[in-house]
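Examination of the molecular architecture
Here is what each chain is made of, one letter per residue.
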Amino acid sequence: MKKRVLSGVQPTGNLHIGNYLGALKNWTKIQYDYESIFCIVDLHAITVYQSPEELKRKILEIAGIFLACGIDPKHSTVIAQSTVPGHSELSWLLTCLTPIGWLERMTQYKSKAAGQETILSGLMQYPVLMAADILLYQASVVPVGDDQSQHLELTRDIAQRFNSLYGQTFVMPETKLPTVGARVMGLDEPEKKMSKSAPGSGHAIALLDPPDLIRKKFNRATTDSNPHVDFETMGPGVQNLLGIYQAFSEVSDDEMKAKFSGMRYGDLKKTVAEMVVSHLEPIQKRFAEITSEPGYLAGVLEEGRARVAPIAEQTVQLTKQRMGVYST
Ligand code: AQP
């Protein structure tokens, strides 16, 4: 039997090349090696206020992007998280055995809570819900970007705690990071990870950005005071541009050095922009085709829900029985 893989994306903002290189690209590559479940995590999205109309629209948009990037709905299961009640149920059961201190330590929580007048408790519970997403399907592999590594460690801690309190129940999931592109940084601020929610029009390259906008954003990307690429002394901006090129093109370190050593920054930006445009154009074309068929994406999500609902129900029942909560 194939091992199960699970990963997800929040339907917030515009999906960018960090989400693609850190997660989606990897998913399309490994999907046939596993029984794959890819989730649009709308319950995670509402840990921060979302406009209801926009959220509904985004869920279908993300489903379209998944398929346009190469997720094969005949083989892989695509679901909207909130359509399977087991995510919320298991999340509560796991919340009851997760110390608050574990959640307060999470760096994503600390950075998202910083500066907020009212911190919603859902924001703190975010990683427990993520643990529930993974453990609900007994997934053994979770392909994510580097920013999610700490949440995966927490998932293993929660699973371990449950297993030792109530007996072996959950499979211990393994984190699968891409070799290149695990952390794509903002083009305007290369010290910070590229993020959907970051302000600034030059921060992220969205997967649906038109080619000219992509070129313009790369042209404005932050570099450093060197006139050309020097692999020994380059700053984080240049390193990020080279990382993006390498992750898209999949060329070796030696090929990167041979191609880029001594290249002027203006030419570097153009070369990286063209590499990204050539990869995103076919994805954008497929996206336009997929979304032009009314009801198609809603059908894919319903098919996904129906496929995984029994697995989720089985895990919830087992967890309840183990904990002594009344179960049928
Ligand atoms: N900059 C990044 N580099 C590499 N991988 C990244 N991922 C996110 N940003 C980068 C990976 O994309 C997947 C989906 O992420 P998400 O949308 O669920 O949440 P996120 O990590 O919080 O992404 P953002 O872009 O930063 O969104 P906001 O601003 O809304 O919080 C994950 O596998 C993640 O590792």
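As a reminder, the structure under discussion sits directly above these lines.
As the structure is a computational prediction, the values presented were derived from the model and not from experiment.

Thoughts on the site of the ligand
The ligand sits among 23 residues. The nearest are Lys-112, Asp-147, Ser-195, Lys-196 and Ser-197. Backbone polar atom of Gly-145 to an oxygen atom of the ligand: 2.8 Å apart, as the coordinates give it. In this structure, an oxygen atom belonging to the ligand sits 2.5 Å away from a side-chain N or O atom of Asp-147. Its free accessible area being 650 Å², the ligand has 97% of it covered by the protein chains. For the shell around the ligand, the elements supplying multiple residues, two or more each, are strand S1 (4-9) and helix H1 (17-30). It is H1 that provides the largest number of residues to the shell around the ligand, a total of four residues. The class makeup of the residues in the shell around the ligand is six nonpolar, twelve polar and five charged.

A closer look at helix H10 (residues 236-249)
For H10, which comprises 14 residues, the first-to-last C-alpha distance of 20 Å matches the rise-based estimate of 20 Å (1.5 Å per residue) to within 8%. Summarising burial for H10: ten of the 14 residues are buried, a large majority. Those residues of H10 that sit buried are Gly-237, Val-238, Asn-240, Leu-241, Leu-242, Ile-244, Tyr-245, Gln-246, Ala-247 and Phe-248. Packing partners of the buried residues in H10 comprise H1, helix H9 (211-219), helix H11 (253-260) and helix H12 (265-291).

Definitions and cut-offs
- Residues numbered from 1 in each chain as written.
- Predicted model: local features only at pLDDT ≥ 70, side-chain atom pairs only at ≥ 80, totals over all residues.
- Heavy atoms only, no water.
- Near = heavy atom within 4 Å.
- Polar contact = N/O pair within 3.5 Å; in protein donor to acceptor, adjacent residues only side chain to side chain.
- Areas by Shrake-Rupley, 256 points an atom, 1.4 Å probe, with all protein chains shown as cover.
- Helix = DSSP H or I, 4+ residues; strand = E, 2+ residues; numbered from the N terminus.
- Nonpolar A, V, L, I, M, F, W, Y, C, P; charged D, E, K, R; others polar.
- Expected span 1.5 Å × (residues − 1).
- Buried < 20%, exposed > 50% of the residue type's maximum accessible area, 1.4 Å probe, protein only.
- Contact = heavy atoms within 4.5 Å.

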